[in-house]
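Structure at a glance
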Amino acid sequence: MVLCSGLMLAAAVSAQEALRLNDLEYFERQGVNVLVFSNSFNGGFNDEKNSGIEIIHHGVRTVQGGAIRLNNTPEQWDLVPTMTSRKVNREAGSIEVGLRYNDYDFDSRIVVTAKGKAVEVAVWLDKPVPEKLAGEAGLNIEFLPSQYWLKTYQVDNRLGRFPRYATSQTVTRPNSEKPRQFKGFKTYDDRGTNRFVDPLPIETGHKLSLATDDPSRLVTISSEDAELKLYDGRMLAQNGWFVVRSVLPKGKTGKVVTWTIEPHAIPGWIREPNIGFSQVGYTPEQPKVAVIELDKKDPVQTGTASLMRLNPDGTTEEAFKDDVKTWGPYFKYNYVKFDFSSVRHPGVYFIQYGKKRTNDFLIDEHVYDKITDATTDVWVPIHMNHMYVTEGYRTWHGEPFKEGYLQAPESDHFDLHRQGAETETKYKPLELIPGLNVGGFFDAGDFDIETSSNINVVQNFIRTWELFKPQRDETFVSQEQRYVELHRPDGKPDILQFIEHGVLNLVAQAEQIGHMSQTLSNSVLDNYHHLGDAASITDGLHYDPSLRPYEVSADGKRSGTPDDMWAFTTRNPRLDLQAAGVFTSAARVLRGYNDDLADRAQKQADRLQKEATALQRESRHRRDRQADADNDWLTGTGDGNYRNVARNLQTMLDSIPMKDAAYKEKLRPAVKQYLEYIHNFDKENPYGVPIGLGNWAGVNAVLNFGITVNYAHIYFPDIVGKEEVYRVANWLYGCHPYHNYSFVAVVGAARPKQVFYGNNRADFSFIPGNVAPGLLFRKPDHFENFDDWPFLWGQNEGTIAGNTQYIIFGSSFRNIVAPK
Ligand SMILES: [Ca+2]
Ligand SMILES: [Ca+2]
Ligand SMILES: [Ca+2]
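One structure accompanies this document, and this report is about it. (Residues numbered from 1 in each chain as written. Chains lettered and ligands numbered in written order. Predicted model: local features only at pLDDT ≥ 70, side-chain atom pairs only at ≥ 80, totals over all residues. Heavy atoms only, no water.)

Strand pairing in a sheet relies on backbone hydrogen bonds. The paired strands run either parallel or antiparallel. Spatially, the 5 strands line up as an open sheet ordered β35-β32-β42-β39-β36, and their pairing is mixed. In this open sheet, the two strands that pair with only one neighbour each are β35 (432–433) and β36 (449–450). In terms of strand pairing, strand β32 (residues 405–407) meets β35 through 2 bridges, oriented antiparallel. By the bridge assignment for β35, L406 is matched with L432. (Pairing = 2+ DSSP bridges. Helix = DSSP H or I, 4+ residues; strand = E, 2+ residues; numbered from the N terminus.)

If you want it as structure tokens, here you go:
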């Protein structure tokens, strides 16, 4: 009897320790998830470091990019394979994917099979590697630098430590040996050498153990049939990862490379609770509910939590204690809530749940007073294009793009634009279009002017101005000097200066081009991924093709370096109509402030309105179902999905001030319906806001939701009560999955996020006031927001349109909750 139960126990333990293929089609054991193309390369931006074989190791996605790749350390625009098939074989405990490189007519298969605590990764070829790729195609997998640097590794019997900064060695090779990059673009400027840089391995062997000093990150990879090489991908690109790679053998078919990968699991590991709360704090009267995210194996899913007060005399006392309430499962974790709304006494508090203690936060009626200041005073002026921008002792950037913009020739583009065969302007391809290097805002973590985003920006500022007339003046702006200084008042409301700055570029586009450009963007990929001073993206000299590359004319004004930015001018009447709308509003707002610009804006509004309407009429017969779909969207008769309902209501709410009382009364049923809508989110997820599952995390939808809730409350407080307006603030400032840091840089006094995908991301830093996209969903069940690795834009970039949307959200929210 004793013997029998002993045997059963042993069997149970070993089954528990083995990786098993679960119902969600990934390999799982406690502390380890191995995903096999649950997320495939989507081709949009090529290698987003989000695909292939991935490992979520003790709750953190530290390994990705497991695939057949054509480079030692693939960059973003290196080719990625298309997944042609994915077969899950439950009996064998394996997942097989077919991968294809169309450019090289090259197919391969990867079969991943659970083998006890490890997985076997095998590469199968039906035909040998194509001649052109021999020695280049290999099995790669990538490790997150910020989780591995400074940790130790062992290769066969040799020891080493992962470097904090990339300092390994490289060679150069002829460009002819470089596998083609995305659409034939080049990520590098070879300075006329015709050679590309190729990193050399840091180590080579048959058995690699990574992070031998950290059980939570320890992974062992071994191969008998192939050499394993360890590379540092940061040698070529700051967003590169550590790469382990085996080159596929020449001329072979069948099972050509076999790896065994064993991610170590800490016995009995349980993820620490993530206590979500507002880092900015709470006003005394507002609902205060912390959402606690718990490992499914966490036994403490009931019990109590406490709110502790830190007194000014140095003592700590329990201010409140209550049972947590179960919300239930949402994707891979369980959720409970801790409601401490009854605590209203102003003070400094923290939450204690089991052994977990949060950092401290305030309860005070002024906690939201400054939530938009960093965005308006710092982030926005830093993103003013065509200006020198300085702050104290620091210059953020010099004056960019002094040489102006050239007419784009027919071309495809790396940032999702296209120039048609006709320029649709009076300019010849590559001719200088004068007057465009004025005004406008950098798009995001890059430096282009996206016209539609810049239109949104001006709209957002105008909306904020007309609703709240903020007189805040913390920015000196001189268009004459092309000079901006932060924290220096100049007697003019900053927001009017921002509107003026946006309109200056948009009006210049209309005047010089004749209609709106799609974008003013980089012409070459090798300066598109620029990290550094925006003024050094181009050489500031006019491109002259009669000079040799890198040659400068005798008068010092022209160069043979084709680095000038391009204006993409394929005409889009819808964009022209959007611009006409914003020009009309801008003329209204700028009247009395800058009459000349107001006149110019109005003139272009009238002209574009007329021309674009005529163009649309001409092409009406060509309009197909797409137009009908757009119309459905506008009238709200479409599929009625969330965004449509919300946007329609927002449009209706926005017109209330211009309409009579009867109009407002007619909206009541829609607002009541919207309240049900708001409450639906309480059932959908534990956080009560719309959570996006796309490749760009959902902060824009969350902000839209927040703005609509705010306005619904402002106009219909009897329907949408004040208690509803805190949802989005809670989410933004820390009450969300994965971690509890504020998504707004420097906002959330105790613990804002530390790194963002801004243009200073290579410094592992942030630009104050930036709003992160937030929680990136990885199929099938993982949310993440890295706070030690800024380079994944889908979770850490901020955009000019999104951040100005945040200003509207923050202004309206503060207006509702501020002490009167
Ligand atoms: Ca862009
Ligand atoms: Ca000012
Ligand atoms: Ca130039």
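A few words now on the nonpolar core. If you look at the biggest cluster of nonpolar residues, it comprises 67 residues, and the most contacted ones within it are Y368, L732, Y733, Y806, F809 and F813. When contributions to this core are tallied by element, the ones reaching two or more residues are β26 (333–339), α10 (642–654), α12 (668–684), α13 (699–715), α14 (726–733) and α16 (800–817). Here this core gets 9 residues from one element, more than from any other, and that element is α13. Contacts of F809, omitting those with residues within four sequence positions, involve L703, G706, I707, N710, V728, A729 and L732. (Core = buried A, V, L, I, M, F, W, Y, C linked by side-chain atoms within 4.5 Å. Buried < 20%, exposed > 50% of the residue type's maximum accessible area, 1.4 Å probe, protein only. Contact = heavy atoms within 4.5 Å.)

Binding of the calcium ion (ligand 1) to the protein goes through D415 (OD), D443 (OD), D446 (OD), D446 (OD), D448 (OD) and D448 (OD), at separations of 2.3 to 3.1 Å. Its relative accessible area of 0% is what places D448 among the buried residues. (Donors = N, O, S within 2.8 Å, 3.2 Å for Na, K, Ca; no water.)

Of the protein atoms, only E403 (OE), D539 (OD), L541 (O), D563 (OD) and D564 (OD) coordinate the calcium ion (ligand 3), at distances of 2.2 to 2.4 Å. For the calcium ion (ligand 3), all donor residues lie on one chain, and their spacing in sequence is E-x135-D-x1-L-x21-D-D. Of this pair, E403 sits in the loop between β31 (394–397) and β32 while L541 sits in the loop between α6 (525–528) and β40 (542–543), and the two are 138 residues apart along the sequence. The same class applies to E403 as to L541, namely buried.

On the basis of which strands lie adjacent, the open sheet formed by 4 strands has the order β21-β22-β26-β25 and antiparallel pairing. Taken across any chain shown, the strands that pair with only one partner, and hence form the sheet edges, are β21 (274–276) and β25 (325–330). Taken pair by pair, the neighbouring strands of this sheet meet at an average axis angle of 25°, ignoring direction. Pairing of β25 with β26, which is carried by 5 bridges, proceeds in the antiparallel orientation. Looking at β26, one finds that Y330 is bridged to Y333. (Axes fitted to C-alpha atoms, helices over the stretch in contact; angles between N-to-C directions.)

Let's shift gears to the packing of helix α4 (residues 451–468) against helix α7 (residues 573–590). Two elements in contact, α4 and α7, have axes whose closest approach is 10 Å; the angle formed by their N-to-C orientations is 30°. Classified by the angle between their axes, α4 and α7 sit roughly parallel to one another. With respect to the hand of their crossing, α4 and α7 are arranged in left-handed fashion. For the pair α4 and α7, contact is made by T451, S452, I455, V458, Q459, I462, W465 and E466 and by L575, Q578, A579, V582, S585, A586, R588 and V589, respectively. (Parallel < 35°, antiparallel > 145°, perpendicular 65-115°, else oblique. Left-handed = near helix turned anticlockwise from the far one by under 90°.)

Given 3.6 residues per helical turn, the α-helix brings residues three or four places apart onto the same face. Relative to the 34 Å expected for 24 residues at 1.5 Å per residue, helix α8 (residues 595–618) spans 35 Å between its end C-alpha atoms, a close match to the ideal helical length. Listed as buried for α8 are L597, A598, A601, Q604, A605, L608, A612 and Q616. Packed against the buried residues of α8 are α5 (494–513) and α7. (Expected span 1.5 Å × (residues − 1).)

Turning next to unusual backbone geometry. Here the residue pair K779 and P780 is connected by a cis peptide bond, since its omega of 0° sits within 30 degrees of zero. By secondary structure assignment, the location of P780 is in the loop between β43 (776–778) and β44 (782–784). Of note in the backbone geometry, F401 takes a positive phi value of approximately 55° without being a glycine. Mapped onto the elements, F401 comes out in the loop between β31 and β32. Judged by relative accessible area, F401 falls into the buried class, the value being 1%. In this structure, Y550 takes a positive phi of about 75° despite not being glycine. Residue placement: Y550 occurs in the loop between β40 and β41 (558–559). Using a relative accessible area of 30% as the deciding quantity, one classes Y550 as partly exposed.

Mapped onto the secondary structure, E142 falls in strand β10 (residues 138–143). A relative accessible area of 1% means that E142 is categorised as buried. At 3.0 Å, the side chain of E142 and the side chain of K49 are in polar contact. Once residues lying within four places of it in the same chain are set aside, the contact partners of E142 are D47, K49, T62, V63, Q64, G65, P74, W241, F242 and V243. (Polar contact = N/O pair within 3.5 Å; in protein donor to acceptor, adjacent residues only side chain to side chain.)

By the element assignment, L577 lies in helix α7. On the basis of relative accessibility, which here comes to 22%, the residue L577 falls in the partly exposed class. For the pair L577 and K610, spaced 33 residues apart in sequence, the C-alpha to C-alpha distance is 9.0 Å. The contacts of L577, once residues within four sequence positions are left out, are Q609, A612, T613 and Q616.

All right, on to the packing of α14 against α16 then. Closest axis-to-axis distance for the α14/α16 pair is 11 Å, and the angle between their directions is 125°. Considering the angle they form, α14 stands oblique to α16. As for the relative orientation of α14 and α16, their crossing is left-handed in sense. In contact with Y726, V728, A729, L732 and Y733 of α14, α16 contributes Y806, F809, F813 and V817. Here the residues of the contact of α14 with α16 sort into 9 nonpolar, no polar and no charged. (Nonpolar A, V, L, I, M, F, W, Y, C, P; charged D, E, K, R; others polar.)

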